[in-house]
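Here's the letter readout for the chains.
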Amino acid sequence: MRTGSIKTMDYESDEQHLATPTDEKVQQWITCLEQVAARQDIKAFAALFEHFSPMIKSFAYKVPALEQADSFADELLQETMLKVWTKAASFDPKLASPSTWIFTIARNMRIDLLRKQARHVVNNVPLYKDGDDDEIDLEDIWFEDENSDLFNHLAQQRSRKQIHDSLLTLPAEQTEVLAKVYLEDKSHAEVAAELKLPLGTVKSRVRLALNKLKLVVDR
Amino acid sequence: MKNIIPMVKYHPDARFLTDYAAGSLPASQALCVATHLHYCALCRQKNRELTELGAELFMQLQPAEVDHSEFERLVARIAVVPVNQPAKTRQAQVVSILPTAINKLANGNLEQLEWRRIGNNLRVANLNLGDQQRETSLLSIKAGGHVPHHRHKGDEITVILKGSFSDHEDKYSTGDFIVRTRGETHRPVASQDQDCLCLSTLDAPIVMSNWLLRIGLYLYNLAAAPQRRQA
C-alpha cells in the first residue's frame, strides 16, 4: 500500500512539474488545429491567426536588408497561414507542439520566398534542376518528421519546458547569437562575419547555450 | 523512412544541426544533413529539439502589428483553396533505402542521371541545387576501387548512401557524415564487397594531385562547357 501511495505522489509531482499555464495554451491551439482539420472551422482558424500572425510577420521582418519588407512580411503571413489551413489535417500533436509545427511551416516558407526573390535577381537561373518535372521540393530537404517510432512524448514535453525556462537565464551574448542564427536567416559563418568574431567563437557560444539548454548536441 | 542503420558513427556537429534547424544552411549542405537524418535516429531527435528551440525563440519575438484586412484577405483565399485530406490510412510506405530528396533528384532512377567517369573506379553525377558556390554530386566508387588522390581547396561534406569506404583515418559506412576541410588530402577506397554510393558537396572544386588526371579533367571540362552553357 505504502509503495503504491509513494508512486502516486511521485506521479503527481511529475504532473505538477509539467502543468504550466503554457500547457493549457498548448492544448488550446491543439484543439483549434483539430477543429480546422475536422470541419474547417473559421472561428478556430481566426484564433490561431490572432495568436500566431504577429510572430510570423515579425519573423519576416527579421531578415536583414530586405527590399520591400512590408510586402515580404504580408506574403509570408498569407502563405504560412494558408498552409496552416490546408495542412491542418496532417498536424499530429504527438509529433510537434502547435508552435513548433507553425514555426516549421513559417521557416520553410521563408526559405522558399527568399529563394524566389533571389531567382528574380539572378536572371532566372533555375534554382533546382532544369525543367519543372525534376524540381525537388524544399520540403524534401527540410522535411517534416514522420518518425514516431522512437518518439518519446513526455521527454518532448520536458525538453520544451526546459528550453522555455532556461532560455531566460542565458547570457546576452549567447542569446544574441542564437537569435541571429534562428531568426535572422544567418548561418554560423554569416553571424561570425557580422559580429566580426572568429567562427570558432560563434560556434562555442552556440555550444555553450545548447549545453545550458541541455541540448548537448556534440558527442 | 524507417530504416535504422545501427552503425552510423560520424554525425554533423552542433553548427550544422542548428543551421539546418534554423533553415539558414545552403540547400546543398542542408541536403547532406537531411540525408544523414534519414539514416540516423539520434540526430533526428536532436533535430526535433533544435527545432523546438527555434519555435521557442520564434514565440518570443516582439509581435508585429497585423491589420484586420489581412485576415479577410486570407478568408477570401481559403474559400477557394482545396484542403488536404488527412492521410489516415497511410499507404504502406515503400521503405526506401535512399532519402526522398535524392530519389526525386534522380527521378527515382539513379542510372538516368548523367554520369561521367573519372579514372577506372569513380563515376560522378552532378546534382543541380541552384547553389552557385558549391558543387553537389553523387559519387559511385567501384567495389575495392580507389578514388584518385585529391586535395581539398574548400570544405567537403560526404554522406554515404550505400556501401562503405575507408581512408587513412577510419572506415565509414552508410549514413556517416564526413567533413573534410580545406587543404586536407585523402584517398578513399571503397570496401571490397560492394560499390559505394555517396552524396558530396564541395565549397570549391577539388584538385586532383595526379597531373595526368588534372589535364584529363581540364580537357573534359573544356569539351563539356559549351553543352552545359546551352542546358
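Before any of the text, the structure's been laid out above.
Quick summary incoming for the structure in this document. Here the structure is a predicted model, which means the values were calculated and not measured. (Residues numbered from 1 in each chain as written. Chains lettered and ligands numbered in written order. Predicted model: local features only at pLDDT ≥ 70, side-chain atom pairs only at ≥ 80, totals over all residues.)

**So, the overall build of chain A**
From N to C terminus, chain A includes ten helices and zero strands. For chain A, the succession of helices and strands along the chain, N to C, is α-α-α-α-α-α-α-α-α-α. Of all 219 residues assigned to chain A, the portion counted as buried reaches 32%. Put simply, 64% of the contacts in chain A that link residues at least 6 apart link residues at least 24 apart. (Helix = DSSP H or I, 4+ residues; strand = E, 2+ residues; numbered from the N terminus. Buried ≥ 20, exposed ≤ 12 C-beta atoms within 10 Å, placed from the backbone. Contact = placed C-beta atoms within 7 Å.)

**Considering the pairing of strand β3 (residues 135-141) of chain B**
Looking down a regular strand, the side chains alternate between one sheet face and the other. Residue and element names in this part refer to chain B. In terms of burial, β3 is largely enclosed, as six of its seven residues are buried. Judged from the six bridges that link them, strand β2 (residues 122-127) and β3 form a sheet pairing that is antiparallel. Its bridge partner being in β3, L127 is matched across the sheet by T136. Note: β3 against strand β11 (residues 196-202), seven bridges, orientation antiparallel. Bridge pairing links L138 to L199 in β11. (Pairing = 2+ DSSP bridges.)

**Structural notes on the packing of helix α1 (residues 14-22) of chain B against helix α3 (residues 41-59) of chain B**
In helix packing, the relevant descriptors are the interaxial angle and the interaxial distance, both defined with respect to the helix axes. All names here are of chain B. It is at 9 Å that the axes of α1 and α3 come closest, and there the two elements cross at 55°. Considering the angle they form, α1 stands oblique to α3. In this structure, the crossing between α1 and α3 has a hand that is right-handed. In this structure, α1 uses L17, T18, Y20, A21 and A22 to contact α3, whose residues at the interface are C43, K46, N47, L50, T51 and G54. Split into classes, the residues belonging to the contact of α1 with α3 amount to six nonpolar, four polar and one charged. (Axes fitted to C-alpha atoms, helices over the stretch in contact; angles between N-to-C directions. Parallel < 35°, antiparallel > 145°, perpendicular 65-115°, else oblique. Left-handed = near helix turned anticlockwise from the far one by under 90°. Nonpolar A, V, L, I, M, F, W, Y, C, P; charged D, E, K, R; others polar.)

**What about the interface of chain B and chain A?**
On the side of chain A, 70 residues touch chain B, which itself brings 59 residues to the contact. If you list the elements that add at least two residues to the side of chain B that touches chain A, you get α1, α2 (27-39), α3, α4 (68-78) and α5 (100-105) of chain B. If one sorts the elements of the side of chain B that touches chain A by residue count, α3 of chain B sits on top with 16 residues. For the side of chain B that touches chain A, the per-class residue count stands at 32 nonpolar, 13 polar and 14 charged.

**Focus on the sheet that holds β11 of chain B**
All names here are of chain B. The six strands lie next to each other as β1-β2-β3-β11-β5-β8, forming an open sheet whose pairing is antiparallel. Only two strands of the sheet have a single partner each, and these edge strands are β1 (115-118) and β8 (177-180). Pairwise comparison of adjacent strand axes, ignoring direction, gives a mean angle of 25° for this sheet. Here β1 pairs with β2 via four bridges, running antiparallel. Across the sheet, residue R116 finds its bridge partner in β2, namely V124.

**Observations concerning the nonpolar core**
Soluble globular proteins tend to pack their nonpolar side chains together in the buried interior. Ranked by size, the top nonpolar core spans 92 residues in total, and within it A30 and V33 of chain B carry the most contacts. At nine residues, helix α3 (residues 42-61) of chain A tops the list of elements feeding residues into this core. For this core, the two domains that each supply at least three residues are domain 1 (2-148) and domain 2 (169-219) of chain A. Residues in contact with V33 of chain B, not counting those within four places in the same chain, are P12, F16, L17, Y20 and L25 of chain B. (Core = buried A, V, L, I, M, F, W, Y, C linked by C-beta atoms within 7 Å. Domains from an automatic or database assignment.)

**Digging into the sheet that holds strand β10 (residues 189-190) of chain B**
Residues and elements named next belong to chain B. Judged by pairing direction, the sheet is antiparallel, and its three strands sit side by side in the order β7-β6-β10 without closing on themselves. Since the sheet does not close on itself, it has two edges, and those belong to β7 (171-173) and β10, each with one partner. Both strand β6 (residues 164-166) and β7 contribute to a ladder of three bridges, which runs antiparallel. The partner of S166 across the bridge, within β7, is K171.

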